[in-house]
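Chain by chain, the residues run as shown.
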Amino acid sequence: MRVFVTGASGFIGSAIVQELIETGHQVVGLARSESSAQALLHAGAEVVRGSLEDLDSLKKGAAEADGVIHTAFIHDFSQYLAAAETDKRAIEAIGSVLMGSNRPFIVTGGILGLRTDGNLTTEADASSGFPRASEVAALSLTEKGVNVSVIRLPPSVHDAGDQGFIPFIIQTARRTGVSAYVGEGTNRWPAVHRRDAAQLYRLILEKGKGSRRYNAIGDEGIPLRQIAEVIGNELNLPVVSITPEEASSHFDWMSRFITYDNPASAEQTKMELGWNPTHLGLLEDLQLGHYFNK
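Keep in mind that what you see is a predicted model, and the values were worked out from it rather than measured.

A word on helix 1 (residues 11-22). Here helix 1 contains twelve residues, and its C-alpha end-to-end distance of 17 Å stays within 8% of the 16 Å for a straight helix at 1.5 Å per residue. When we look at burial in helix 1, the residues that qualify are Ile12, Gly13, Ala15, Ile16, Val17, Glu19 and Leu20.

Have a look at this one:
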């Protein structure tokens with residue numbers, strides 16, 4: 001298939017591009033900068049120059065493809081609502097080109113915060129659409145004849161090159177001199193290795209059914225205390241518990257997420273698509289040391 005990928009030069013997108021090319025697909029990647037374009041060309045992909053705000057470039061890429069994978073998102077937590085609205089408009093623009101064609105459209109959403117009661121998040125749990133509208137915007141397109149599915153990523157998609165939540169927690173430990181967790185640290189985060197996630201995107205593209213939610217989960221739920229202990233050991237820092245009141249100043253913008261107890265399952269996804277994560281779990285990946293190289 002000829003596949004248009006947004007966010008193609010990013011941390012997750014670049015792994016998807018590699019996975020697709022290695023399994024015989026053609027890739028056209030959206031590139032905002034010359035360096036991104038060169039990285040895509042070097043990987044063996046074609047390039048469409050544009051951005052999430054340039055809806056014409058999104059429509060062009062989608063119109064010339066057999067399928068679309070949307071991973072791009074503006075990760076600016078100080079302007080999160082604006083980023084979510086940009087994402088919503090991008091999804092709608094791509095969807096407008098795919099109506100009635102049966103070409104697969106895979107949109108990226110998130111797991112964190114879908115449930116906060118400690119119960120296992122499954123594919124049956126729907127997003128409210130706030131603050132990130134990706135899932136709701138995507139699945140609403142099914143009413144317009146778009147063959148769209150949502151892949152939901154956990155808070156940690158890990159591998160060398162990660163610039164997400166875990167690196168921020170490590171930076172916070174370095175800055176404050178302690179590796180902290182909140183309360184007893186028994187709240188759990190799910191995780192998945194980047195290469196396992198990339199394989200799942202491909203399987204959804206090839207075998208997925210429209211109007212579905214798929215969960216990209218390797219580790220169902222890792223207690224935050226265990227993450228803090230590995231970080232403390234790697235950095236030779238004390239591991240400490242802080243109160244919920246102290247979390248705001250200690251973790252800054254991360255404080256709203258750090259206490260979520262949000263284990264998640266991918267059993268339905270695995271059964272439907274035959275997906276079987278085989279790469280390292282998050283704690284094992286952290287112990288390789290690459291997260292701590294400066």
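This is not the end of the story, as more comes after the structure.
What follows concerns the packing of aromatic side chains. In this structure the tally under the stated criterion is six aromatic pairs. A centroid spacing of 5.4 Å and a plane angle of 25° characterise the contact between Phe165 and Phe257, whose relative ring orientation is stacked. Of this pair, Phe165 sits in helix 6 (residues 165-176) while Phe257 sits in helix 10 (residues 255-258), and the two are 92 residues apart along the sequence. Note on Phe257: relative accessible area 11%, which makes it buried. Among the aromatic residues, those joined into a ring-pair cluster are Phe165, Phe168, Trp189, Trp253, Phe257 and Tyr260.

Before going further, it helps to spend a moment on the sheet that holds strand 11 (residues 219-223). One open sheet holds the three strands; their spatial order is 7-9-11, and the pairing between them is mixed. At either margin of the open sheet sits one strand with a lone partner, and together these are strand 7 (156-158) and strand 11. The sheet shows a mean angle of 40° between the axes of neighbouring strands, taken without regard to direction. Bridge analysis of strand 9 (residues 188-193) against strand 11 gives three bridges, and the strand direction is antiparallel. Paired with Trp189 across the bridge in strand 11 is Ile222. Lying over the sheet, helix 8 (residues 224-235) contacts strand 9 and strand 11, oriented at roughly 70° with respect to strand 11.

Below, the discussion takes up the pattern of salt bridges. Per the stated rule, a full pass over the model turns up 18 salt bridges. With its nearest N and O atoms 3.3 Å apart, the salt bridge here joins Asp125 to Arg115. Placement of Asp125 in the loop between strand 5 (104-110) and helix 5 (134-139) and of Arg115 in the loop between strand 5 and helix 5 is noted, with a sequence separation of ten residues between them. In this structure Asp125 comes out as buried when scored by relative accessible area, which is 17%. Across the pair Asp261 and Arg188 runs a salt bridge, and its minimum N-O distance is 3.0 Å.

On strand 8 (residues 179-182), burial covers both faces: Ser179 and Tyr181 on one face and Ala180 and Val182 on the other are all buried. Pairing of strand 8 with strand 12 (residues 239-242), which is carried by four bridges, proceeds in the parallel orientation. The residue of strand 12 that forms the bridge with Tyr181 is Ser241.

Our focus in this paragraph is the sheet that holds strand 3 (residues 46-49). If you trace the seven strands from one edge of the open sheet to the other, you get 3-2-1-4-5-6-10, paired in parallel fashion. One side of each edge strand has no neighbouring strand; the edge strands of this open sheet are strand 3 and strand 10 (212-215). On average, each strand axis in the sheet is tilted by 25° relative to the strand beside it, whichever way the strands run. With four bridges joining them, strand 1 (residues 2-6) and strand 4 (residues 67-70) adopt parallel strand pairing. Residue pairing across strands places Phe4 opposite Val68, the latter belonging to strand 4. Running over the sheet, helix 3 (residues 55-63) touches strand 1, strand 2 (26-31), strand 3 and strand 4 and is turned about 155° from strand 1.

For the pair helix 1 and helix 7 (residues 194-207), interaxial distance at closest approach is 8 Å and the crossing angle is 55°. Put simply, helix 1 runs oblique to helix 7. The element helix 1 and its partner helix 7 pack so that their crossing is right-handed. Facing Phe11, Ile12, Ser14, Ala15, Ile16, Gln18, Glu19, Leu20 and Glu22 of helix 1, the residues of helix 7 in contact are Arg194, Arg195, Ala198, Gln199, Tyr201, Arg202 and Leu205. A class-by-class count of the residues in the contact of helix 1 with helix 7 yields eight nonpolar, three polar and five charged.

This part covers the environment of Trp253. Structurally, Trp253 is set in the loop between helix 9 (244-251) and helix 10. Looking at Trp253, the relative accessible area reads 27%, which means it is partly exposed. Distance from Trp253 to Ser78, taken between C-alpha atoms, is 8.5 Å for residues 175 residues apart in sequence.

Cut-offs and rules
Residues numbered from 1 in each chain as written. Predicted model: local features only at pLDDT ≥ 70, side-chain atom pairs only at ≥ 80, totals over all residues. Heavy atoms only, no water. Helix = DSSP H or I, 4+ residues; strand = E, 2+ residues; numbered from the N terminus. Expected span 1.5 Å × (residues − 1). Buried < 20%, exposed > 50% of the residue type's maximum accessible area, 1.4 Å probe, protein only. Phe/Tyr/Trp six-rings, centres within 6.5 Å; stacked < 30°, edge-to-face > 60°. Pairing = 2+ DSSP bridges. Axes fitted to C-alpha atoms, helices over the stretch in contact; angles between N-to-C directions. Contact = heavy atoms within 4.5 Å. Salt bridge = Lys/Arg side-chain N within 4 Å of Asp/Glu carboxyl O. Parallel < 35°, antiparallel > 145°, perpendicular 65-115°, else oblique. Left-handed = near helix turned anticlockwise from the far one by under 90°. Nonpolar A, V, L, I, M, F, W, Y, C, P; charged D, E, K, R; others polar.

Don't take any of this as a statement about function, it's just geometry.
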